[in-house]
Amino acid sequence: MSSITFVKENKDVVVAQGANLREKALQNSIDIYTFKGKLTNCGGYGQCGTCIVEIVEGMENLSPKTDFEQRKLKKKPETYRLACQTLVNGPVKVKTKP
């Protein structure tokens, strides 16, 4: 088992190894989208880049960045990830809507 701590929401979520970060956020009523993202998100298929989150702690416990993430987040800080492309393999702290 792993855990995701959503910093702004002050909420801890226990998840199975390999859980998708976006799915677990939405299942636990964590809003990861800005207004524009709510209107234009692709539903978790890794096409739009609107589910950006900042990893505060535990980057080593996440899946490697996908090619799409590498391209979409090229000009963003290294701590940014796309929630829909991120699998959780250990404890992690996440800041939504950075």
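Bear in mind the structure is a predicted one, so any value in this text is a computation, not a measurement.

Cut-off values and rules
Residues numbered from 1 in each chain as written. Predicted model: local features only at pLDDT ≥ 70, side-chain atom pairs only at ≥ 80, totals over all residues. Heavy atoms only, no water. Helix = DSSP H or I, 4+ residues; strand = E, 2+ residues; numbered from the N terminus. Rg over C-alpha atoms; globule rule 2.2 N^0.38 Å. Buried < 20%, exposed > 50% of the residue type's maximum accessible area, 1.4 Å probe, protein only. Contact = heavy atoms within 4.5 Å. Areas by Shrake-Rupley, 256 points an atom, 1.4 Å probe, with all protein chains shown as cover. Pairing = 2+ DSSP bridges. Core = buried A, V, L, I, M, F, W, Y, C linked by side-chain atoms within 4.5 Å. Axes fitted to C-alpha atoms, helices over the stretch in contact; angles between N-to-C directions.

Trainee: Now, about the overall build of the protein: what can you tell me, with residues and values included?
Mentor: The helix and strand inventory of the protein stands at three helices and seven strands. Secondary structure elements of the protein occur, N-terminal to C-terminal, as β-β-β-α-α-β-α-β-β-β. Rg of the C-alpha trace for the protein: 12 Å, near the compact-globule value of 13 Å for 98 residues, within the 12% margin. Taking the principal axes of the C-alpha coordinates as reference, the protein spans close to 30 × 25 × 20 Å. For the protein, with 98 residues in total, the buried portion stands at 42%. Taking as baseline every contact in the protein between residues at least 6 positions apart, the subset at least 24 positions apart corresponds to 59%. Surface exposure of the protein reaches about 5,600 Å², of which carbon and sulfur atoms provide 49%.

Trainee: Residue-level account of the pairing of strand β4 (residues 52-57), with values.
Mentor: Where β4 and strand β5 (residues 80-82) come together, three bridges link them in antiparallel fashion. When the bridges of β5 are listed, I52 appears paired with L82. Bridging between β4 and strand β7 (residues 92-96) involves four bridges; their strand directions are antiparallel. Each residue of the ladder has a partner; that of E54, found in β7, is K95.

Trainee: Could you give an account of the nonpolar core, with specific residues and numbers?
Mentor: Across soluble globular proteins, nonpolar side chains have a tendency to be buried as a group. Ranked by internal contacts, the top residues of the largest apolar core, which has 24 residues, are I4, F6, L21, I32 and V94. Elements with a contribution of two residues or more to this core: β1 (2-6), β2 (11-15), α1 (21-27), β4, β5 and β7. Here the element with the most residues in this core is β4; it accounts for three residues.

Trainee: If you had to explain the sheet that holds β1 to someone new, which residues and values would you point to?
Mentor: With mixed pairing, the five strands of this open sheet are ordered in space as β2-β1-β7-β4-β5. Across the chains shown, the open sheet's two edge strands, defined by having one partner strand only, are β2 and β5. Put simply, the sheet's adjacent strands are angled 35 degrees from each other on average, direction ignored.

In short, the description is geometric, and any link to function would need to be established separately.
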